[in-house]
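An overview of the molecular structure
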Amino acid sequence: MGDDSEWMKLPIDQKCEHKVWKARLNGYEEALKLFQRIEDEKSPEWGKYLGLLKKFVTDSNAVAQLKGLEAALAYVENAHLAGKTSGEVVSGVVSKVFNQPKARAKELGSDICLMYIEIERAEVVQDELIKGLDNKNPKIVVTCIETLRKALSEFGSKIITLKPVVKVLPKQFESREKAVRDEAKLLSVEIYKWIRDALRPPLQGINSVQLKELEEEWVKLPTTAPKQSRFLRSQQALKAKFEQQQAAGGDEADGDDDDEPAPQVDPYELLEPVEILSKLPKDFYDKIEAKKWQERKEALEALETLAKNPKLENGDYGDLVRALKKVIGKDANVMLVTLAAKCLAGLAAGLRKKFGTYAGHVVPTILEKFKEKKPQVVQALQEAIDAVFLTTTLQNISEDVLGVMDNKNPSIKQQASLFLARSFRHCTQATLPKSMLKAFCPAFLKQVNDSAPEVRDAAYEALGTAMKVVGEKAVNPFLADLDKLKLDKIKESADKVELLGKKGGGGAEKKAPAAKVAPPAKVAPPAENPARSSGPPKKASAAKIEVCEEKSAAVLPASCMQLLDSANWKERLASMEEFQKAVEQMDKNEMPCQALVRMLAKKPGWKETNFQVMQMKLHIVGLIAQKGSFSKTSAFVVLDGLVDKIGDVKCGGKAKEGLTATAEACSLPWTAEQVVSMVFAQKNPKNQAETLNWLSNAMKEFGFTGINVKGFINNVKTALGATNPAVRTAAITLLGVMYLYMGAPLRMFFEDEKPALLKQIDDEFEKMQGQSPPAAFRGTKKGGAEEDGEEADEQEEDGGGAPDIMDLLPRSDVSDKITQDMVDKMADKNWKIRKEGLDEVAAVISEAKFIQPSIGELPMALKGRLNDSNKILCQQTLTILQQIAVAMGPALKQHVKSLGMPIITVLGDSKTNVRAAAMTTLQAWVEQTGMKDWLEGEDLSEELKRENPFLRQEVLGWLAEKLPTMRTVPSDLMLCVPYLFICLEDRNGDVRKKAQDALPTFMMHLGYEKMLKATGKLKVYYFTECSGSWQHSR
């Protein structure tokens, strides 16, 4: 009782933290009463319990915990500060409440989660509940799913974001626990109420029985859309209206227009993107250009299967799009053109806006191909160009379409107008402005007078659709010269038109397949370690041994064959001597290499105990490799023995000679990869050290061409961490030799090593500084196929060329670190918060050092900051873009259009320091990407089109510097020529000077004739004024 009297005197908040559970129970009871009694939600009393709330819900005593949950619920319901505790409290509820046996505890925990949602913390609650689905305790998983279902049922799909829920839903159907599967089924039914058929595609991969059960449940659901029954604190007006409707009888207000409809969920948003570029057949680009149409068809069919995935992962699809464009534009086989068009449609629909970069490249080709009249080709091309349109804007492709509107081929004119008619249906008055009508209407008017009826009808349909979208008043001024009959036909077409939606562009709705698309047959990956994966079996078959014995008996003395496996070492030695003499006398074309080495491997083989016999064997291996057509199959037979004996005091020298001969026959890169993999699969430090020493010497003798640096790095790191000092020393020596060929970037692979070890590596590198790698004198011999024709296909070229160190650097995927919070901060109204977001991005890039090209939503976020009203933030963004250029390396190419071109726009800034920073950033990008991608497309010409003297002089100066360094330029550079001529007569003297400097560099690539032709598009004034400079440049 004495103890009780002590804690009874304590304040409520101290009781809640007491060691005695009874004290805590009493504290929770009093806290509950207090929380219900405080009327002011901003009372300072709430602050005392801010840090205690998690303890309320995670109390170790079940009785106290129950009361703690009641108190926590009252706190969350009434306290203004409660939102700050949402993350830790919900996390505690998930881990410590949802696993309780008492139903009341789970119910209170679920109520607390729902209350947090009510006070505007839905995102935090949802995240914690989804994390709980990964818990190993099925009770927790079941209650998390149940709580998510309740939340969706009460608050609706506007408040509960369904995409992350749907993403984890299929996994719950795979659970071993029936309770989890049942609860997942109930959640799926609830989700279906809100988004209907949008739920079908993500669940196509679950068990067919479960899917059938779900379908049966979905059919039973009412067709009317559900309504939100519980409201956020900010939705009190809606709550009052809902209660009023309930009091009045509920359904009578269903038709009110004031109620906001439930947001339409796009099935595409619920799907997980599929990465397909790496799944393309290895020989895809070779096959798609093969002479045989069957091979081209195989490549396209493989791609078509992949492109059917309804949502595709973003990536560099440039090469792929170019390949398809070539097939559509130039292939004579209409079946292949149809296939390529379907593939292009699939890519556009799967990538949506991310495909927009490539839209300008393919639209002209598709339009030109409409000269084909076969219905299946026309339909495929229509589907392709319609899908491409939805990834871009009408303005971006308007010039391409206008370019074919006066084509001589009536089919092309007809299909161009029909395409525009279909495109207009996606537009609104805002996305089909007067400027677009001004461009298109003259072309349509020309077509309504065309001699071909199909062309006229298509023009009527296009004009009618435009009239339906923007109204007669907007279109009529362009139709003043038409007679009444033609006007009536246009109006008749307008009456028939049904508009598809209110938003133009960007919404390609790709129908998800009814069943999950079966993944394409996987192409067998290259064997990374042939010594383990694609080597011969441990024991050759009896039939193979017999064949080898027959072939060997034909070229070796009979006594030699008989004594090979003698129990007497002297007889085995005599046999080896005869073996050696026979090999020395054999002609290369008569030597059955594989048969001979299999005889050497015959028992006792590489387990030979007499060193003299073993030395002879190893010497003979070298002779066979030097004199015969020694294949990789033969090498596999001997490599184990050579590696096993390389560390032997008496036999090591002969083993190294054998390895060198094998490397000459089969190439050093291949041999080294096998040998290093084999030796590090052993635990013999002597063998490991001597193998690394042999490799160091071999690199000097053979050179570095073709060496798989990536393959060695992990093994070298293993060696550096070895306990045996000889292995570490050999590894450091090998790094010194590699340094001769790779230079300072090699050190980047080892920056995370211990300082002492890194100092040893630096010391070794310092010794090599100033030295040139020795000239290679080995490695000219190519391994030949066996004379029996076996494994002839294994003699692939090992490839050459020094490795590009930038391609070898280990790169981090930072896409997960670029959080939505970070992106939101960069778009905030407060410049300090925007700066905070930029600082976080800079820290992520700096920490990663080298990054993969996937950077999530960062490009769009940074693009927005390049035109920030705060110039300090603009400059900070440019600095980050410089960081990204260095960190990403050559893979930066895929961001040139989305993020690189906006850098050029900044060159038009009025402030000198901002322009200087932009030019530095641009140069950093070009250093990584090269110039070609910057000159492709219309982007650069659009920048020059801007009447900004700062931008024009910077861009022209940049081009004057870069163009002379290029061997060839894309044909799109011609698009810049008209603006170059205009700049020659610009009012600004600096612009004129830069244009004069750039003019010769343009002519150097484009030629006199093309430049002369371009002057035909100039106004007479410009042509006259700039002709002097132009002729001088010639």
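The rules behind these values
Residues numbered from 1 in each chain as written. Predicted model: local features only at pLDDT ≥ 70, side-chain atom pairs only at ≥ 80, totals over all residues. Heavy atoms only, no water. UniProt positions renumbered as here; feature names shortened; annotations may be inferred. Helix = DSSP H or I, 4+ residues; strand = E, 2+ residues; numbered from the N terminus. Buried < 20%, exposed > 50% of the residue type's maximum accessible area, 1.4 Å probe, protein only. Core = buried A, V, L, I, M, F, W, Y, C linked by side-chain atoms within 4.5 Å. Expected span 1.5 Å × (residues − 1). Contact = heavy atoms within 4.5 Å. Salt bridge = Lys/Arg side-chain N within 4 Å of Asp/Glu carboxyl O. Bend = angle between axes of the 7 residues up to and from the residue. Axes fitted to C-alpha atoms, helices over the stretch in contact; angles between N-to-C directions. Parallel < 35°, antiparallel > 145°, perpendicular 65-115°, else oblique. Left-handed = near helix turned anticlockwise from the far one by under 90°. Nonpolar A, V, L, I, M, F, W, Y, C, P; charged D, E, K, R; others polar.

**Observations concerning the UniProt feature "repeat: HEAT" (unreviewed entry) in the protein chain**
- When the UniProt feature table is mapped to this numbering, "repeat: HEAT" (unreviewed entry) covers residues 440-478.
- Along residues 440-478, the helical share is 77% and the strand share 0%, with 10 Å between the first and last C-alpha atoms.

**Details of the side chain of S493**
- If you trace the backbone, S493 turns up in helix 26 (residues 484-496).
- With relative accessibility at 17%, the residue S493 sits in the buried group.

**Concerning the nonpolar core**
- The biggest cluster of nonpolar side chains holds 86 residues, and the ones touching the most others in it are F579, I624, F630 and L746.
- Looking at which element gives the most residues to this core, the answer is helix 37 (residues 725-742), with 11 residues.
- By size, the runner-up hydrophobic cluster in this structure holds 81 residues, among which are I366, V378, I397 and L437.

**Points about helix 11 (residues 178-195)**
- The terminal C-alpha atoms of helix 11, which comprises 18 residues, lie 26 Å apart, in line with the 26 Å expected from a rise of 1.5 Å per residue.
- Turning to helix 11, its buried residues number three or more, namely V180, E183, A184, L187, S188, V189, E190, I191, Y192, W194 and I195.
- In this fold, the buried residues of helix 11 make contact with helix 9 (138-155), helix 10 (162-172), helix 12 (208-220) and helix 14 (267-270).
- At the C-terminal side of helix 11, R196 shows a positive phi close to 55°.

**Describing the pattern of salt bridges**
- Scanning all chains against the criterion turns up 53 salt bridges.
- R24 serves as the salt-bridge partner of D59, at 2.6 Å between the closest nitrogen and oxygen. Of this pair, D59 sits in the loop between helix 4 (53-57) and helix 5 (62-78) while R24 is found in helix 3 (residues 21-37), placing the two residues 35 residues apart along the sequence. R24 matches D59 in its accessibility class, with the two residues each being buried.
- Between E301 and K297 there is a salt bridge, with its nearest N and O atoms 2.6 Å apart. Of this pair, E301 and K297 both sit in helix 16 (residues 293-307), separated by four residues, roughly a single helical turn.
- Connected via shared salt-bridge partners are E118, E154, R230 and R233.

**What to know about helix 23 (residues 434-447)**
- Its 14 residues give helix 23 an end-to-end C-alpha distance of 20 Å, which sits within 8% of 20 Å, the value for a rise of 1.5 Å per residue.
- Of all the bends in helix 23, the greatest reaches close to 30° and is centred on F440; the proline P442 follows between one and four positions later.
- Inspection of helix 23 places M436, L437, F440, C441, A443, F444 and Q447 among the buried residues, and these make up the whole buried set.

**Let's talk about the packing of helix 33 (residues 652-666) against helix 35 (residues 685-702)**
- It is at 11 Å that the axes of helix 33 and helix 35 come closest, and there the two elements cross at 45°. When the axes of helix 33 and helix 35 are compared, the pair comes out oblique. Considering only the axes of helix 33 and helix 35, their crossing is right-handed. Seen from helix 33, the contacting residues are K656, L659, T660, A663 and E664; seen from helix 35, they are E690, W694, E701 and F702.
- Residue classes in the contact of helix 33 with helix 35 are distributed as four nonpolar, one polar and four charged.

**Quick look at the packing of helix 30 (residues 593-601) against helix 32 (residues 632-645)**
- At a closest axis distance of 9 Å, the pairing of helix 30 and helix 32 adopts a crossing angle of 10°. Between helix 30 and helix 32, the crossing angle belongs to the class labelled roughly parallel. On helix 32, the residues that touch C593, Q594, V597, R598 and A601 of helix 30 are T633, S634, V637 and V638.
- By residue class, the composition of the contact of helix 30 with helix 32 is five nonpolar, three polar and one charged.

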